[in-house]
Amino acid sequence: MKLLTRLFPANCEIDLFGDTHRGNHTCSIEGEMREIEWLQQKPKSRFFGHMGDEIDAICSDDKRYHQPEGNDDMPLPLQQAEDVVDTYRPVAKQCLFWLLGNHTFQLHRFGNLTQMVCSRLGMPYGTWTTKLQCVFGKSGGFKIFACHGVRGTLRSAAKDQGQRLANMQATLKMKLKEQAGDCLIEAMGHTHQLLLVEPVQKLVLTDDGEKLHQHYTGCAHADKHGYIEPDSRWYVNTGSYLKKYSNDGDPGYAEMAGYDPVELGHIRITIEGGVLADV
């Protein structure tokens, strides 16, 4: 785990995204480039954390390897990494952390390609897990827990779509809530789901010795040790930019495995006046 600290302007935005899988022919390069363009529009107030698996890192001896017809120079992992370096060079200073994913980790015998990308661009390498202390001057701040993934999947066999979503949100929360006790936002990538669990507002009654009072939980209040109640945190799964189907007619491994389609995109954190306004 890496422990990082960053000073931010009082009004800013942070995008969490990953699983971009550059080099896979179903990678949504146009979606990734829209993110780069968004960052470039306001370089002093827009930032990002990459959740890992920036490249597909699948070699020809892997059962998931697929070479589209007519393409005899399918990018190898090192070429994919070089492509990532070229893509993110214009926004490297806006990077808060860059995590190691399972796709690049499986090539550890070859070297740490994610760490190489970070080193080339001067970006904070976050290993598999990072805790980021976000500081907003005198107004205080909060912490973000980010890991590439936690063991297992986010799936539900419920027949009703609403129940299915609720089950996956509950699983996400259960996976993350014990990982860190002092983080207002807990995030993971890996499963390619774009999910958000908001803090729960719950009615509580107190008294002052003379009169009863009602209050609602939901806003984070840390105790003297920094602990935040699990129901007062945000939990996110940061999605991906890997499509199920390609336009060239060649199947990718998500299609061949029969995975359900997923929403492509990212999580955006909005800070206003040094306070978390929305996720």
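Presented here is an overview of the structure given in this document. (Residues numbered from 1 in each chain as written. Predicted model: local features only at pLDDT ≥ 70, side-chain atom pairs only at ≥ 80, totals over all residues. Heavy atoms only, no water.)

## A look at the overall build of the protein chain
Part 1 of the argument: Within the protein chain one finds six helices and 13 strands.
Part 2 of the argument: Rg of the C-alpha trace for the protein chain: 20 Å, near the compact-globule value of 19 Å for 279 residues, within the 12% margin.
Part 3 of the argument: For the C-alpha atoms alone, the extent of the protein chain along its principal axes is close to 80 × 45 × 35 Å.
Part 4 of the argument: Residues counted as buried form 48% of the 279 residues belonging to the protein chain.
Part 5 of the argument: Carbon and sulfur atoms form 51% of the exposed surface of the protein chain, whose accessible area is close to 14400 Å². (Helix = DSSP H or I, 4+ residues; strand = E, 2+ residues; numbered from the N terminus. Rg over C-alpha atoms; globule rule 2.2 N^0.38 Å. Buried < 20%, exposed > 50% of the residue type's maximum accessible area, 1.4 Å probe, protein only. Areas by Shrake-Rupley, 256 points an atom, 1.4 Å probe, with all protein chains shown as cover.)

## Overview of the nonpolar core
Part 1 of the argument: Membership of the largest hydrophobic core comes to 26 residues, with the highest contact counts inside it found for Phe8, Phe142, Ile185 and Ile269.
Part 2 of the argument: Leaving out residues up to four positions away in the same chain, isoleucine 269 has contacts with Cys12, Glu13, Ile14, Leu16, Ile144, Ile185, Leu276, Asp278 and Val279. (Core = buried A, V, L, I, M, F, W, Y, C linked by side-chain atoms within 4.5 Å. Contact = heavy atoms within 4.5 Å.)

## Topic: the pairing of strand β3 (residues 46–50)
Part 1 of the argument: Counting buried positions along β3 gives five out of five residues, so the element sits mostly inside the fold.
Part 2 of the argument: A two-sided burial pattern is seen for β3, the buried positions comprising Arg46, Phe48 and His50 on one face and Phe47 and Gly49 on the other.
Part 3 of the argument: The pairing of strand β2 (residues 12–17) with β3 spans five bridges and is classified as parallel. Residue pairing for β3: leucine 16 is matched across the bridge by glycine 49.
Part 4 of the argument: Judged from the three bridges that link them, β3 and strand β4 (residues 95–98) form a sheet pairing that is parallel. Following the sheet pairing, glycine 49 is matched in β4 by phenylalanine 97. (Pairing = 2+ DSSP bridges.)

## Thoughts on helix α5 (residues 161–176)
Residues spaced three or four apart along an α-helix point in a common direction, a consequence of the helix completing one turn every 3.6 residues.
Part 1 of the argument: The first and last C-alpha atoms of α5 sit 23 Å apart over 16 residues, in line with the 22 Å expected at 1.5 Å per residue.
Part 2 of the argument: When α5 is considered as a whole, its buried residues turn out to be Met168, Leu172, Lys173, Lys175 and Leu176. For α5, the angular spread of the buried residues around the axis is 165 degrees, confining them to a single face.
Part 3 of the argument: Against β6 (141–147), β7 (185–188), β8 (194–197) and β11 (234–238) lie the buried residues of α5.
Part 4 of the argument: Two or three places before glycine 162, at the start of α5, stands the capping residue aspartate 160, its side-chain oxygen 3.0 Å from that residue's backbone nitrogen. (Expected span 1.5 Å × (residues − 1). Arc of directions from axis to C-beta. Polar contact = N/O pair within 3.5 Å; in protein donor to acceptor, adjacent residues only side chain to side chain.)

## Topic: the environment of alanine 166
Part 1 of the argument: Mapped onto the elements, alanine 166 comes out in helix α5.
Part 2 of the argument: Judged by relative accessible area, which is 34%, alanine 166 ranks as partly exposed.
Part 3 of the argument: Spatially, the C-alpha atoms of alanine 166 and histidine 213 are 32 Å apart, while their sequence positions differ by 47 residues.

## Re the sheet that holds strand β1 (residues 2–7)
Part 1 of the argument: Read from one edge to the other, the open sheet built from six strands follows the order β1-β5-β6-β7-β11-β8, with strand pairing classed as mixed. Every interior strand has two partners, whereas the edge strands, β1 and β8, have only one. Adjacent strand axes in the sheet meet at a mean angle of 15 degrees when their direction is disregarded.
Part 2 of the argument: Pairing of β7 with β11 involves four bridges; the strand directions are parallel. Paired with alanine 187 across the strands is valine 236, a residue of β11.
Part 3 of the argument: Here α5 sits on the sheet and contacts β6, β7, β8 and β11; the angle it forms with β8, its principal contact strand, is near 75 degrees. (Axes fitted to C-alpha atoms, helices over the stretch in contact; angles between N-to-C directions.)

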